[in-house]
Amino acid sequence: MAAAQPMKVVALCGSLRRASYNRGLIRAATEICKESIKDVQIEYVDISPLPFLNTDLEVNGTYPPEVEGFRQKIRQADSIFFAAPENNYSVSAPLKNAIDWASRPPNVWADKAAAVVTAGGGSPRVQYHLRQIGVFLDLHFINKPEFFLNAFQPPQKFDSDGNLIDADSKERLKQLLFSLRAFTLRLQGKAE
């Protein structure tokens, strides 16, 4: 009997900064899966190469190569892990651009499970806006646990390279990943 394929989770960071705390959450989630949730494989997908959405770039139902490659990664994923900073009470421009490209026909977000985490000032606004966008995309976010991390309150949460070092936050992140795994399996009609 062949071994089951690992669950593929695509991780997207709404911040383009190399040492962003949100990207640090993705690195921590990847490590947690390698150590504790071995049947889940997280792949970070860089959204910085995507051009600004411009339908003039769509030619005969095809997209620029960077966009096609990105859409293919989303299409092949079992679920999506968003690390979303808040900009002006909402979703960052790079993340919204990526979301919009993958929503172009055919919408490759549809029927996927998703989770969202936020590191910054601890505000939930960006997550609620992303969930609203998910309704239109037919993207299904887990409800619990929610993960908001105020990176600026003691104790120190991240090191100078943007790596998550707070043990309590890592444990909360692990619980979110277990929830995403269970919800993804449920949406796919698979028993745990």
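How each quantity is defined
- Residues numbered from 1 in each chain as written.
- Predicted model: local features only at pLDDT ≥ 70, side-chain atom pairs only at ≥ 80, totals over all residues.
- Heavy atoms only, no water.
- Axes fitted to C-alpha atoms, helices over the stretch in contact; angles between N-to-C directions.
- Helix = DSSP H or I, 4+ residues; strand = E, 2+ residues; numbered from the N terminus.
- Parallel < 35°, antiparallel > 145°, perpendicular 65-115°, else oblique.
- Contact = heavy atoms within 4.5 Å.
- Nonpolar A, V, L, I, M, F, W, Y, C, P; charged D, E, K, R; others polar.
- Buried < 20%, exposed > 50% of the residue type's maximum accessible area, 1.4 Å probe, protein only.
- UniProt positions renumbered as here; feature names shortened; annotations may be inferred.

Participant: Which parts of the structure should I look at to understand the packing of helix α2 (residues 65–76) against helix α3 (residues 93–103)?
Facilitator: Describing two packed helices takes the angle between their axes plus the distance from one axis to the other. Packing of α2 against α3 brings their axes to within 9 Å, and their N-to-C directions diverge by 80°. Our classification of the angle between α2 and α3 gives roughly perpendicular. The residues of α3 that touch α2, namely those facing Val 67, Phe 70, Arg 71 and Ile 74, are Ala 98, Trp 101, Ala 102 and Ser 103. Considered class by class, the residues forming the contact of α2 with α3 number six nonpolar, one polar and one charged.

Participant: Honestly, the environment of Ile 165 in this entry has me stumped. Any pointers?
Facilitator: Structurally, the position occupied by Ile 165 is in the loop between β8 (147–150) and α5 (167–187). Classification of Ile 165 by relative accessible area gives partly exposed; the value is 43%. C-alpha of Ile 165 to C-alpha of Val 9: the two residues are 156 residues apart in sequence and 23 Å apart in space. Contacts of Ile 165, omitting those with residues within four sequence positions, involve Gln 156, Lys 157, Phe 158, Asp 159 and Lys 170.

Participant: Help me out: how do you make sense of the UniProt feature "domain: NADPH-dependent FMN reductase-like" (unreviewed entry) in the protein in this one?
Facilitator: In this numbering, the UniProt entry assigns the feature "domain: NADPH-dependent FMN reductase-like" (unreviewed entry) to residues 7–151. Taken end to end, residues 7–151 has its terminal C-alpha atoms 29 Å apart, with 36% of it in helix and 24% in strand.

Participant: For this particular structure, what's the right way to read unusual backbone geometry?
Facilitator: A negative phi angle characterises most non-glycine residues, just as the trans form characterises most peptide bonds. The omega torsion across Pro 105 and Pro 106 is -10°, close enough to zero to call that bond cis. With respect to the secondary-structure elements, Pro 106 resides in the loop between α3 and β6 (113–120). Across the junction of Pro 154 and Pro 155, the peptide omega takes the value 0°, indicating a cis bond. Summarising the element assignment, Pro 155 is placed in the loop between β8 and α5. The backbone of Tyr 89 sits at a positive phi, close to 70°, despite the residue not being glycine. Among the secondary structure elements, Tyr 89 is positioned in the loop between β4 (86–87) and β5 (90–91). The exposed category is assigned to Tyr 89, whose relative accessible area is 52%. Positive phi, normally seen in glycine, also occurs at Asp 111, with a value near 65°.

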